[in-house]
Amino acid sequence: DPDTSEMNNDKAFAFLDYFARNSDDSLTWLSRGSEMEYPVGSDFSIFVGASADGLKFYFTSGRKLEPGTEGGGVYLRSGQTTTLISRDESGAPMPVKGFGVSEDGSAAMFGTFEQEYLYKQGLPHTLHVATTPSGSFDFLGLSADGSKAFFQTYDHVTPDDADITYDIFEYDVTSETLRRVSAPT
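Each chain carries its own residue numbering, running from 1 in the direction its sequence is written. With the structure being a predicted model, the display of local features is reserved for residues of pLDDT at least 70 and the display and counting of side-chain atom pairs for 80 or more, all residues being used for whole-chain, interface and lining totals. With hydrogens and water stripped out, all remaining heavy atoms of the structure feed into the side-chain values.

## Some details on the overall build of the protein chain
The helix and strand labels rest on DSSP assignments: H or I over at least four residues marks a helix, E over at least two residues marks a strand, and numbering proceeds from the N terminus. The helix and strand inventory of the protein chain stands at 0 helices and 14 strands. Relative accessibility under 20% of the residue-type maximum defines a buried residue, over 50% an exposed one, and the middle range a partly exposed one, all with a 1.4 Å probe and only protein chains included. Relative to its full complement of 185 residues, the protein chain shows a buried share of 45%. Between two residues, a contact is recorded if the distance between any of their heavy atoms is within 4.5 Å. Considering only residue pairs separated by 6 or more positions, the protein chain has 36% of its internal contacts joining residues 24 or more positions apart. Calculation of accessible area relied on Shrake-Rupley with a 1.4 Å probe; when residues are assessed, cover is drawn exclusively from the protein chains displayed. Carbon and sulfur atoms make up 52% of the accessible area of the protein chain, which amounts to about 9400 Å² in all.

## Brief notes about unusual backbone geometry
With a phi close to 55°, Glu176 is a non-glycine residue in the positive phi region. Relative to the helices and strands, Glu176 is located in the loop between strand E13 (167–172) and strand E14 (177–180).

## As for the confidence of the model for the protein chain
Known as pLDDT, the predictor's confidence for each residue is given on a scale from 0 to 100. Summing up the model confidence of the protein chain, the mean pLDDT is 79 and the portion of residues at 70 or higher is 77%. A low-confidence stretch, residues 37–41 stays under pLDDT 50, and its non-local contacts, those more than four residues away or across chains, total 15 contacts.

## Re the packing of aromatic side chains
Pairing of aromatic rings covers Phe, Tyr and Trp, the last counted by its six-membered ring, and requires centre-to-centre distances within 6.5 Å; plane angles under 30 degrees mean stacked, over 60 mean edge-to-face, and any other angle means tilted. Counted under the stated rule, the structure contains 10 aromatic pairs. With 6.2 Å between their ring centres and 15° between their planes, Phe99 and Phe139 make a pair best called stacked. Here Phe99 is found in strand E7 (residues 97–101), whereas its partner Phe139 is found in strand E11 (residues 138–142), with 40 residues between them in sequence. In this structure an aromatic cluster arises from ring pairing among Phe99, Phe137, Phe139, Phe151 and Phe169.

## Quick notes on the sheet that holds strand E9 (residues 115–120)
Across the sheet, 4 strands lie side by side as E7-E8-E9-E10; this open sheet has antiparallel pairing. Only two strands of the sheet have a single neighbouring strand rather than two, namely E7 and strand E10 (127–131). Neighbour to neighbour, the strand axes of the sheet diverge by 25° on average, direction disregarded. For two strands to count as paired, DSSP must find a minimum of two bridges between them. As defined by bridge partners, strand E8 (residues 107–111) adjoins E9 across 5 bridges and the pair is classed as antiparallel. All axes are obtained by fitting lines to C-alpha atoms, using only the stretch in contact for helices, and the reported angles, taken between N-to-C directions, cover 0 to 180 degrees.

## What about the sheet that holds E14?
One key point about sheets: their strands pair by backbone hydrogen bonds, in either a parallel or an antiparallel sense. One open sheet accounts for 4 strands, arranged E11-E12-E13-E14; its pairing is antiparallel. With partners counted over all chains shown, the strands left at the sheet margins are E11 and E14, one partner each. Taken over all neighbouring pairs, the strand axes of this sheet differ in orientation by 25° on average, direction set aside. As defined by bridge partners, strand E12 (residues 148–153) adjoins E13 across 6 bridges and the pair is classed as antiparallel. Across the sheet, Thr153 pairs through a bridge with Asp167, a residue of E13.

## Regarding the nonpolar core
To define a nonpolar core, start from buried Ala, Val, Leu, Ile, Met, Phe, Trp, Tyr and Cys residues and group those joined through side-chain atoms within 4.5 Å. Of all hydrophobic cores here, the largest spans 14 residues; its most connected members are Met109, Leu118, Val129, Ala149, Phe151 and Tyr171. Broken down by secondary-structure element, the contributors of at least two residues to this core are E8, E10, E12 and E13. The greatest single-element share of this core, amounting to 3 residues, is contributed by E10. Ignoring any residue separated from it by four or fewer positions in sequence, one finds Leu118 in contact with Ala108, Met109, Thr126, Leu127, Val129, Leu142, Gly146, Ala149 and Val173. Ranked by size, the runner-up nonpolar core spans 12 residues in total, among them Val48, Phe110, Tyr117 and Tyr119.

## So, the side chain of Ser86
Note on placement: Ser86 falls in the loop between strand E6 (81–84) and E7. Among the polar contacts listed, one links the side chain of Ser86 to the backbone nitrogen of Val74, at a separation of 2.9 Å. The contact partners of Ser86, leaving out residues within four places of it in the chain, are Gly73, Val74, Ala92, Pro93, Met94, Val96 and Phe110. For the purposes of these results, a polar contact is taken to be a pair of N or O atoms within 3.5 Å, where, inside protein, one atom must be able to donate a hydrogen and its partner to accept one; residues adjacent in sequence count only when each atom of the pair is a side-chain atom.

The structure is reproduced here in C-alpha cells:
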C-alpha cells in the first residue's frame, strides 16, 4: 500500500488518485510527487492520457507535487519521477486543462481558456500552439510520435482563416508552424 501517513482523516477519502500494479503485485502511486501538499478545494487528479505501453502517464492535479511550484497543472509520471510539464516559455507553472497524449507518450496537448500548448519530451520548453480568444478549442489528436497536433476552432488562428466557421488546424512540432488543413468555406 502507498504511504498515506501524512494524510489526515479529513482528507483520506477526498482524492481521486492513480496507481499502477507492478510485476511483483506492489502498487506505485502515480499521482504523487516528490513534494506533497493538500491545498483546500484542489484535491483532484484527472487522467489526461498515457503512452500505449503505459510507461508514461499524464494527469492534471490541483496539488503541489514538485518543490518550487504553486500547485496545479499537467504532470508527467515516467518511471519514479513526476514532472510538472505545464510551464510557460519563462518556465513559470500554468494551471491548465489537459487534452490528450501521443501514442508513444512523448507529447501532450493542454491549454488554458484562451491559450493552447504542446509539451514534447526533449524540447527545452513547452510550445505555444495557438491563441483562441473565444475559448473554442476542440482537441482532435496527436500523431503517434507526437510530432503533429490537430485541433479545431472557429477562432482566427492563421492569416488565411477569414471565415467564422470551425476549421481544422495542424501544428508541426519540428518547424513550430501552424497551418489550416480544412478547406475554406
